[in-house]
Amino acid sequence: MDTRQIDLGGTARSPDDVRLLHGLGLPFAEVPIAHPDQFRARVSLYQRLRDELGLYYLCHGPKEGDPNDVQSLETRYFPQLHQVLSLMPALQMRCLTFHLWLDPRFVIPNVIAHKLKLLKGLLQKSDDAGITLCIENLSETADHLTEAFAALPRLYMTLDVGHAQLLTRQNTAPDLIDRFLDRIKHIHIHDNRGGDSPEDDLHLPLGQGILDFDEIFHRLYQAGYGGTMTLELTPSEIEQNLDRVKALLTQAGFKLP
């Protein structure tokens, strides 16, 4: 069987988490920046850790808030995303995952159109900085994302396979992979038991929910995916789940460094 290498990392909510992930042999940490003004004072600490440990960072942006509040989008959320982009070069972060709900079942159509206009300006800044901007699926199907990808050729995607199990009868990840593999630059992996509310986004270790990771990983491998994956769990959960995850990935054909 042909093998394709991917990098497997984990979420690091603190410098201590970065050290723990490095101790598990993971090559990168995905660092959430929920409050860019506060995070600015910690940039030098994360720089020293990166240089000492030899790993690299990816970035996860702040939460969107009310997805239909245009004023909040303009005065709070998008300014925060611009601030995050300004912090990333100092840490050599080359990928920003962000939330921007585009599901027309819940977001007003003219608000979606306005979001795409705001996103165009953010993409201009990310392109200038050499940063890949990845929208994360929340409850959107492939059809819901078609307009955004058609309008914004430089927009990419973080496929969250756990989110793909929510507000749906069948996991939407296989269809997203089939239709948008060329846009998928990063993947979030965690388990849940389905459901239709934010409280159902449980972020369980793989095997504790209902997701069919055999199917998802094989679909990714057969489609030709060769990027990065983040285990969106606590470091202790990652440690307990790591052997299982590595086994599932290698059984699908992937090679891990």
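The coordinates are above.
Draft legend 1. Spotlight on helix α9 (residues 235-252). For α9, which comprises 18 residues, the first-to-last C-alpha distance of 24 Å matches the rise-based estimate of 26 Å (1.5 Å per residue) to within 8%. At Asn241, α9 is bent by approximately 55 degrees, the largest bend along its length. For α9, every residue scored as buried is listed here: Pro235, Ile238, Asn241, Leu242, Val245, Leu248, Leu249 and Ala252. Elements that come into contact with the buried residues of α9 comprise β2 (7-11), α1 (15-23), β8 (184-189), α8 (213-223), β9 (228-231) and β10 (254-255). One or two positions beyond α9, positive phi appears at Gly253, with a value near 115 degrees.

Draft legend 2. Quick peek at the packing of α8 against α9. It is the contact of α8 with α9, at a shortest axis distance of 8 Å, that shows an interaxial angle of 45 degrees. One way to sum up the angle between α8 and α9 is to call them oblique. When you trace α8 past α9, the crossing you get is right-handed. Residues Phe213, Asp214, Phe217, His218 and Tyr221 of α8 form the contact with α9, whose own contacting residues are Leu248, Leu249, Gln251 and Ala252. Per-class residue counts for the contact of α8 with α9 are six nonpolar, two polar and one charged.

Draft legend 3. Representation of the packing of α1 against helix α3 (residues 43-53) within the structure. In the contact formed by α1 and α3, the axes pass within 10 Å of each other and the chain directions differ by 15 degrees. Between α1 and α3, the crossing angle belongs to the class labelled roughly parallel. You can see that α1 and α3 cross each other, and the crossing is right-handed. Only Leu45, Tyr46, Leu49, Glu52 and Leu53 of α3 make contact with α1, whose side of the interface consists of Pro15, Val18, Arg19 and His22. Residues that form the contact of α1 with α3 fall into these classes: six nonpolar, one polar and two charged.

Draft legend 4. View of the nonpolar core. Within the largest apolar cluster, 77 residues are counted, with the highest numbers of intra-cluster contacts made by Leu8, Tyr57, Leu119, Ile189, Phe217 and Met229. Here this core gets seven residues from one element, more than from any other, and that element is helix α4 (residues 70-87). In contact with Phe217, other than residues within four places in its own chain, are Ile189, Leu206, Met229, Leu248, Leu249, Ala252 and Phe254. Judged by nonpolar contacts, the second largest core, of five residues, contains Phe28, Leu58, Cys95 and Tyr156.

Definitions and cut-offs
- Residues numbered from 1 in each chain as written.
- Predicted model: local features only at pLDDT ≥ 70, side-chain atom pairs only at ≥ 80, totals over all residues.
- Heavy atoms only, no water.
- Helix = DSSP H or I, 4+ residues; strand = E, 2+ residues; numbered from the N terminus.
- Expected span 1.5 Å × (residues − 1).
- Bend = angle between axes of the 7 residues up to and from the residue.
- Buried < 20%, exposed > 50% of the residue type's maximum accessible area, 1.4 Å probe, protein only.
- Contact = heavy atoms within 4.5 Å.
- Axes fitted to C-alpha atoms, helices over the stretch in contact; angles between N-to-C directions.
- Parallel < 35°, antiparallel > 145°, perpendicular 65-115°, else oblique.
- Left-handed = near helix turned anticlockwise from the far one by under 90°.
- Nonpolar A, V, L, I, M, F, W, Y, C, P; charged D, E, K, R; others polar.
- Core = buried A, V, L, I, M, F, W, Y, C linked by side-chain atoms within 4.5 Å.

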